[in-house]
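Observations on the three-dimensional arrangement
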Amino acid sequence: MNRAVCTTAAALICIGRVIQMTRTAMNVVKGVGAAVAIGAAVGLAGGYISANRRSPMKKGVRKAARKMEHLMDGMTRMFG
């Protein structure tokens, strides 16, 4: 009886560690995705600013912001 309790406790500890590791990995993936999306938006905006075109820049920044929002929503659904 005592051995069964020890085995069950060990199994629960292992399951808890796996769940914690999975949560940590998902947080890292979310952070990397957010950084990539923000970097892409900043790069797009910087490219338009250097070209010195005002109205296409506004349109491009809006598109980049929308795409970043869609990416974050998708990642939240996938990993959330």
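Here the structure is shown first, and the text comes after it.
We now turn to the structure provided with this report. (Residues numbered from 1 in each chain as written. Predicted model: local features only at pLDDT ≥ 70, side-chain atom pairs only at ≥ 80, totals over all residues. Heavy atoms only, no water.)

1. Digging into the overall build of the chain
Rules: For the purposes of this entry, the term helix denotes a DSSP run of H or I that reaches at least four residues, the term strand denotes a run of E that reaches at least two, and both are numbered from the N terminus. Per-residue accessibility, obtained with a 1.4 Å probe over protein chains only, is compared with the maximum for each type, and a residue is labelled buried under 20%, exposed over 50%, and partly exposed between these values. Residue-level accessible areas treat just the shown protein chains as cover; the underlying method is Shrake-Rupley with a 1.4 Å probe.
Helix and strand content of the chain: two helices and zero strands. In the chain, buried positions account for 11% of the 80 residues. In the structure as shown, the chain presents an accessible area of about 6400 Å², 66% of it carried by carbon and sulfur atoms.

2. What to know about a positive patch on the surface
Selection rule: Without a salt bridge and with relative accessible area above 30%, a residue can belong to a patch; like charges are then joined within 9 Å and nonpolar side chains (Val, Leu, Ile, Met, Phe, Trp, Tyr) within 5 Å. Take a side-chain nitrogen of Lys or Arg and a carboxyl oxygen of Asp or Glu: if they are within 4 Å of each other, that pair is a salt bridge. Asp and Glu are treated as the negative residues and Lys and Arg as the positive ones, with His and the ends of the chain left uncounted. A charge is said to be at NZ when it belongs to Lys, at CZ for Arg, at CG for Asp and at CD for Glu.
Where like charges cluster on the molecular surface, the positive patch consists of Lys58, Lys59, Arg62, Lys63, Arg66 and Lys67. By the secondary structure assignment, Lys58 is in helix H2 (residues 54-79).

3. Examining a nonpolar patch on the surface
Taken together, Leu12, Ile15 and Ile19 make up a surface patch of nonpolar side chains, about 290 Å² in accessible area. Looking at where Leu12 falls in the secondary structure, it is placed in helix H1 (residues 2-51). By relative accessible area, Leu12 is classed as exposed at 57%.

4. Comments concerning the environment of Gly47
Summarising the element assignment, Gly47 is placed in helix H1. Along the primary structure Gly47 and Gly60 are separated by 13 residues, whereas in three dimensions their C-alpha atoms are 9.8 Å apart.

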